Amino acid sequence: MLEIKSLNYNVGALQPIMSAETLHFHHDKHYAGYVAKANELVPAKWANKTLEQLVHLARDKGEIALFNQVAQVWNHEFFFEGLSLNLEDHEIPENLLSYIRKDYNSIDNLKDELVRTALARFGSGWVWLVWEDNHLKVQSTLNAETPCGLKGFKPLWTLDVWEHAYYLDYQNKRLDYATEVVNNAINWRVIGARLGL
Ligand code: FE
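In this report, we go over the structure that sits alongside the text. Source: prediction; values computed, not measured. (Residues numbered from 1 in each chain as written. Predicted model: local features only at pLDDT ≥ 70, side-chain atom pairs only at ≥ 80, totals over all residues. Heavy atoms only, no water.)

### Notes on the overall build of the protein chain
Our working rule: What counts as a helix is a DSSP run of H or I of at least four residues, what counts as a strand is a run of E of at least two, and both are numbered from the N terminus. Only C-alpha atoms enter the radius of gyration, while the globule expectation follows 2.2 Å times N to the 0.38, with N the number of residues. Burial here depends on accessible area, computed with a 1.4 Å probe over protein chains only, as a share of the maximum for the residue type. Under 20% is buried, over 50% is exposed, and the range in between is partly exposed. By the convention used here, residues are in contact when the closest approach between their heavy atoms is within 4.5 Å. Counted as positive: Lys and Arg. Counted as negative: Asp and Glu. His and the chain ends are not counted at all. Each charge is placed at NZ for Lys, CZ for Arg, CG for Asp and CD for Glu.
Counting its secondary structure elements, the protein chain contains eight helices and three strands. When the helices and strands of the protein chain are listed from N to C terminus, the series reads α-α-α-α-α-β-β-β-α-α-α. At 16 Å, the protein chain has a C-alpha radius of gyration in line with the 16 Å of a compact globule built from 197 residues. Summarising its shape, the C-alpha atoms of the protein chain cover approximately 50 × 40 × 30 Å along the three principal directions. Counting every position in the protein chain, which comprises 197 residues, the buried fraction comes to 47%. The contacts of the protein chain with a sequence gap of at least 6 include a subset with a gap of at least 24, amounting to 68%. Taken together, the 19 basic and 25 acidic charged side chains of the protein chain have centroids lying 6 Å from each other.

### Digging into the coordination of the iron ion
Stated precisely, the cut-off is as follows: For Na, K and Ca the donor cut-off is 3.2 Å, while for other metals it is 2.8 Å, and in both cases only N, O and S atoms qualify; water is not among them, so sites may look incomplete. In this scheme the shape depends on donor count and angles: four donors with every angle between 85 and 135 degrees give tetrahedral, four or six donors with opposite pairs above 155 degrees and others between 65 and 115 give square planar or octahedral in turn, and any other case is irregular.
Protein coordination at the iron ion comes from H26 (NE2), H76 (NE2), D160 (OD) and H164 (NE2), with a distance range of 1.9 to 2.1 Å. Because the angles between the four donor atoms bound to the iron ion fall within 89 to 127 degrees, the donor set is best described as tetrahedral. Within one chain, the residues serving as donors to the iron ion are arranged as H-x49-H-x83-D-x3-H. With H76 in helix α3 (residues 64-81) and H164 in the loop between β3 (153-160) and α6 (167-170), this pair connects stretches of sequence that are 88 residues apart. Of the two residues, H76 and H164, both sit in the buried class.

### Considering the nonpolar core
A general tendency of soluble globular proteins is for nonpolar side chains to be buried together. The line we're drawing: Buried residues of nine kinds, namely Ala, Val, Leu, Ile, Met, Phe, Trp, Tyr and Cys, make up a nonpolar core once their side-chain atoms join them within 4.5 Å. Just so you know, the domain bounds were taken from an automatic or database domain assignment.
W157, L159 and Y177 are the most contacted members of the largest nonpolar core, which totals 61 residues. The biggest single contributor to this core is α3, with nine residues. Structurally, this core is a two-domain feature, drawing no fewer than three residues from each of domain 1 (20-81) and domain 2 (87-195).

### Focus on the pattern of salt bridges
Between side chains of opposite charge, a pair can form as their charged atoms come close. Spelled out, the test is: Counted as salt bridges are all cases of a side-chain nitrogen of Lys or Arg within 4 Å of a carboxyl oxygen of Asp or Glu.
Tallied over the entire structure, the rule returns seven salt bridges. Between K137 and E132 there is a salt bridge whose closest N-O contact spans 3.0 Å. Exposure remark for E132: the relative accessible area of 18% places this residue in the buried category. Via salt bridges that share partners, K5, E81 and R194 belong to a single interconnected network.

Following this line, the structure appears as structure tokens:
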């Protein structure tokens, strides 16, 4: 049985980048809805599996309806954990900074790549910063697809580019949403921790 994971911050903590109203609907309605639907679909034989195991099993066995729900649960928890407006979370760990300079020359180039990728994603999906073959890479996935559990990938950060993530605050302006979040709300401390730094 999957449980709804509370946010690590209060619902207004990301204002003005993300309004309390957006975060309320996003966490308490959309994300919670994926958890409820996933629980309806998980077969009894998998009742004791972890969320990661369910993503892996559903993908492996071609259980697409279940995969879409559990992957969205995982993606959303990963997304919410990666956001912060606290200044101490904006300090980029030294080793991470050197990886960024090696692969993207500068932090601004990496941020541009994240925003460009958000804009280029046709339809709903996710933008990812991942660690692959000892390099940082930016990529995107469609709908619920996720790098969770894929061999060789360590997901480090994600941006939700489904319209429900930004429509209340930015309407159709995905560029503005992505630009604001990427420049002001990335939790770099969490990314460092995910890299084991
Ligand atoms: Fe979402």
